[in-house]
Structures are given as C-alpha cells and as structure tokens.
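# Chain and residue survey
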Amino acid sequence: MQQLRWIHRMVTVPIVLFTLFLAVTGIAIQVIDLDVLLTHAPADNVNVRSMREAFDGPGAYQVRHTQDYLAPALPGGFDYGAVLRRVLPVLRKAAAGGPLTYLDFRMSAGRPVVVAGVEQGHIAVDAASAAVMARSSKDEVESQSPDSERNTWKHLHRMTSFGDGALVINVLVSAGLLTLIVTGLWIYVKLAKQRRKIKKPILYWSAGGTWRALHRTVSLFAAAWLVVVTLSGAWLAVESLGLAITMRLHASSAYRSPPPPAPLTDAELPAMLKATLAAANRDARGEAVKVLRLRHYGPYAQGVVVTAGEENSRQLVYNTANGEGMSESEPGYPSVPFPFGWQAHQTAKSIHRGDWFGMTGRWADLLAGLAMAYLSLSGIVMYATMWRKRAEGGRKALFWK
C-alpha cells in the first residue's frame, strides 16, 4: 500500500498542473460544442465549422463543405442521365480539350447545375439550358480549421499553441494519467478490502478529511470514462506527435501534394452515374440529394453523394465498379501521415470528444473533464497540506513514502 501511494504521489507532482490545464481546456471545448449543438447554430458558424473539421476525409476526398449544408437539395425527379448527355459536350468544348477531374450535380443560384473540375478551377453549366454559367481558373479551398473560439481552445488543449515540440507533453501526461488511474483504483480496492475485514463494506467513506473523501469518491465514479478519455487522448497525442515529425521529415512529399487524379472519360461516366444512383437508392432511400460527384480517387472510380439535412446530412462514397461503400481509408488511397489511416484517427477523435456515443457521450465527456479538474485540484491541495505538515517537522523532501 505504501509503495502504491508513493508511486501515485511521485507521478502526480510533475504532471498535476498539466492534467488541470488539459481538463480546463477540454471542458471549454466541450462547452462550446454543446452550446452549438443545443442552440442549433447554423452550418456557417465558425465553431460549427471547427467542430466538423476533417469529418469527411483529407484534402480532395472531402466533397461536403459549408455551402453544401446551406444549399437546397436537387429537385425530386431530377434526370441525372439526361442532364449528363445534354451538358457533357458543352463541358468538353468549354474545357478546350483539358481533362475533367470531377463532375458535380448540385444547386447554384436556385437552379440545378453541372460543375466540372478543370485543372485547379471549374466550369459550371446550367442543367436545363446547357449554357455555361461560370468559369474559374483557381478554386478557393475552404479551410478545414477556421479561426474560431473552439480552435483557440483546441490548440491550447493539444499544446500546439506552444509549438509542435510541445506535443510530447500530452504523450507523457497521458502515460502519467493512466498510471494515476491504475494506482488510485488499486489503492481504493486495498482500502475497501481492509474496511470489509472490519465490517465496513461501503463504497464511500469520509476518513481523511473532505478533500480526500471527495477525491476518493469522484475517482471511483469517474474512473471508467476517464480511462476512455485518457486512452483515446493518448492515441491522438502519439499520432499528432508522429504527424508533426512526419510533416517535418517529408515537407515536400506526397503527404502535402498527392498525385493528381486520373481524368474522367466520356465512356465511363454513364456507368459511374448509374452505379452511384443505385447505391444511393439502396443506402439513402427517401433522402434528398444535395450533391452527386463522379471522380477518380486513388485507383478507384467513385461516386459521392451528399444527402440533405443540416444536422443529419451524410457524405456517402461508393466504388462505382461494384457499388460498395468506401471509407476514408482504403488500399491505394493517397498517403496520409497516420499509421492506421485517416478513418482510425477520426474514430479516436470521436471517442475522445464523446460524440461516438451520441449526446450521452458528450455529457459524460464533460463530467469526466470536471472530475479530472477536481481530482487535479484536490491532489494539489492534499499534497500541499501533507508537505506543509512534514516541513514543519523538518522534512522538506518533495517525495516521500
């Protein structure tokens, strides 16, 4: 028991201020998220945009942007095949022989249009009249990480506000926090066994003063979710540190500039469209469509469907060769600097912030943050009280058994 307490105390001293910092910044992020969710903030709110960061994949994989949350859906009964046959010759002529990198069906200025990617820009054609509506030689890329109150707290929470080198702090603190959870529970179990021997088998007891008693109780009831938050946080900390290292070592590699996609051909487009519509009808029957994109991504011919709904919109990606759904991590995709792929990293983020478990997880995550803040603060108070008493007796060592 004495050895466990020594380990618990020895780990607490160097990391407790960091755990308090992480708890406070994590609480701030969760409060902002809950605020925009409960108040149904609009899709173009910067905190909402920050919350959606990287939801739909890296770089060009992402099709759904803020404008797609706000735009109306394509009209019911829209004849994609007839529109494709009507506008494709116009697009080819307007592109002057240049390759088409993607083809979108979407709404613009209140009417359906077909938009084709041409090099770094696009050409938009009216779906009804087949008249060219707009050209752009270079498209603006929407930032997935806009300046916002949420991102300010997020950069603090991840320590990146202090430079990429500070990412190692989260890795070390995560390891320390897991040690505190394990040793704390172990100490509790040993104490509970001792109390059972003296016929006091209760979960909660007040011995040791208010701070210690509440510390013990909060630890017990928050332990399970703190393990979830800590393990997912440790995963993210390790991957974020690995990302920073990788980006420095490969500053000009494919991580920054993936190879351009293969151009679309007229011969393949009808079959790609048919396969995409069939898959969407299977998986999203009854859901209105805001965007339908045909493209090549990595070695795959893909169809992407963005369904309607500001809160329940979905981005569905299909392999048009077989109609099967595809994830953000597949063999042959452009490289991403995460060891287990983009999808695994996003899943870990979702678990860490709680939304993987729905709104219940969000609230549990907030309570875990409050618990972590209290445990850090009470740990400081208990340590300072014990150290002061020892110092009065001439024992001023920072660590003791």
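Relevant structure appears above.
Every value quoted in this text rests on a predicted model; they were computed, and no experiment measured them. (Residues numbered from 1 in each chain as written. Predicted model: local features only at pLDDT ≥ 70, side-chain atom pairs only at ≥ 80, totals over all residues. Heavy atoms only, no water.)

### Concerning empty space enclosed by the protein
Counted by the stated rule, this structure contains one cavity of 30 Å³ or more. When its volume is computed, the largest cavity comes out at roughly 120 Å³. Residue composition of the lining of the largest cavity, grouped by class: three nonpolar, five polar and six charged. (1 Å grid on protein atoms, 1.4 Å probe; cavity = no way out; pocket = protein on both sides within 12 Å on 5 of 7 lines; lining within 4 Å. Points joined across faces, edges and corners; volume = space filled by probe spheres on them. Nonpolar A, V, L, I, M, F, W, Y, C, P; charged D, E, K, R; others polar.)

### Focus: helix H8 (residues 269-283)
With 15 residues, H8 ought to run about 21 Å at 1.5 Å a step, and its terminal C-alpha atoms sit 21 Å apart, in line with that. Buried residues of H8: Leu269, Met272, Leu273, Ala275, Thr276, Ala279 and Ala280, and no others. Taken down its axis, H8 places every buried residue within 165 degrees of arc, on the same side. For H8, the elements touching its buried residues are helix H4 (80-95), strand S1 (100-108), strand S5 (289-297), strand S6 (300-307) and strand S7 (315-319). (Helix = DSSP H or I, 4+ residues; strand = E, 2+ residues; numbered from the N terminus. Expected span 1.5 Å × (residues − 1). Buried < 20%, exposed > 50% of the residue type's maximum accessible area, 1.4 Å probe, protein only. Arc of directions from axis to C-beta. Contact = heavy atoms within 4.5 Å.)

### Regarding the nonpolar core
Of all hydrophobic cores here, the largest spans 31 residues; its most connected members are Tyr80, Leu91, Leu103, Phe105 and Leu292. Contact partners of leucine 103, with chain neighbours within four places excluded, come to Leu84, Leu91, Val114, Val115, Ala116, Leu264, Leu269, Leu292, Arg293 and Leu294. Grouped together as the second largest cluster of nonpolar side chains are 24 residues, Ile15, Ala222, Val229 and Ala371 included. (Core = buried A, V, L, I, M, F, W, Y, C linked by side-chain atoms within 4.5 Å.)

### Let's talk about the pattern of salt bridges
Under the defined criterion, the tally for this structure stands at twelve salt bridges. Across the pair arginine 106 and aspartate 68 runs a salt bridge whose closest N-O atoms are separated by 2.5 Å. Within this pair, whereas arginine 106 is found in strand S1, its partner aspartate 68 is found in helix H3 (residues 66-70), the two being separated by 38 residues in sequence. For arginine 106, a relative accessible area of 10% gives the class buried. Linking arginine 353 and aspartate 355 is a salt bridge whose minimum nitrogen-to-oxygen distance equals 2.6 Å. One salt-bridge network, held together by shared partners, links Asp68, Asp104, Arg106 and Arg293. (Salt bridge = Lys/Arg side-chain N within 4 Å of Asp/Glu carboxyl O.)

### Looking at the environment of glycine 286
You can see glycine 286 is positioned in the loop between H8 and S5. Residue class for glycine 286 comes out exposed when judged on its relative accessible area of 80%. Sequence separation between glycine 286 and alanine 348 is 62 residues; the distance between their C-alpha atoms is 31 Å.

### A short note on the pairing of S7
The buried fraction of S7 amounts to five of the five residues, a majority that puts the element mostly inside the structure. Judged from the five bridges that link them, S6 and S7 form a sheet pairing that is antiparallel. Paired with valine 304 across the two strands is valine 317, which belongs to S7. Note: S7 against strand S8 (residues 324-325), two bridges, orientation antiparallel. Among the inter-strand pairings, tyrosine 318 is bridged to a residue of S8, identified as glycine 325. (Pairing = 2+ DSSP bridges.)

### Thoughts on unusual backbone geometry
With a phi angle near 65 degrees, alanine 54 is a residue other than glycine that sits in the positive phi range. Given the relative accessible area of 8%, alanine 54 is considered buried. Although it is not a glycine, glutamate 119 sits at a positive phi angle of roughly 50 degrees. Here glutamate 119 lies in the loop between strand S2 (111-118) and strand S3 (121-126).

### Topic: the packing of aromatic side chains
Within the structure shown, the criterion is met by 13 aromatic pairs. Measuring from centroid to centroid gives 6.3 Å for phenylalanine 21 and phenylalanine 162, while their planes differ by 50 degrees, and the two rings are tilted. Of this pair, phenylalanine 21 sits in helix H1 (residues 2-38) while phenylalanine 162 sits in the loop between helix H5 (149-158) and helix H6 (167-197), and the two are 141 residues apart along the sequence. According to the relative accessible area criterion, phenylalanine 21 is partly exposed, its value standing at 27%. Given the relative accessible area of 52%, phenylalanine 162 is considered exposed. (Phe/Tyr/Trp six-rings, centres within 6.5 Å; stacked < 30°, edge-to-face > 60°.)

### Comments concerning the packing of helix H7 (residues 210-249) against helix H9 (residues 341-353)
In contact at an axis separation of 9 Å, H7 and H9 are set at 145 degrees when each is read in the N-to-C sense. The crossing of H7 and H9 is left-handed. In contact with Val228, Val229, Ser232, Gly233, Trp235, Leu236 and Glu239 of H7, H9 contributes Ala344, His345, Ala348, Lys349, Ile351 and His352. Residues that form the contact of H7 with H9 fall into these classes: seven nonpolar, four polar and two charged. (Axes fitted to C-alpha atoms, helices over the stretch in contact; angles between N-to-C directions. Left-handed = near helix turned anticlockwise from the far one by under 90°.)

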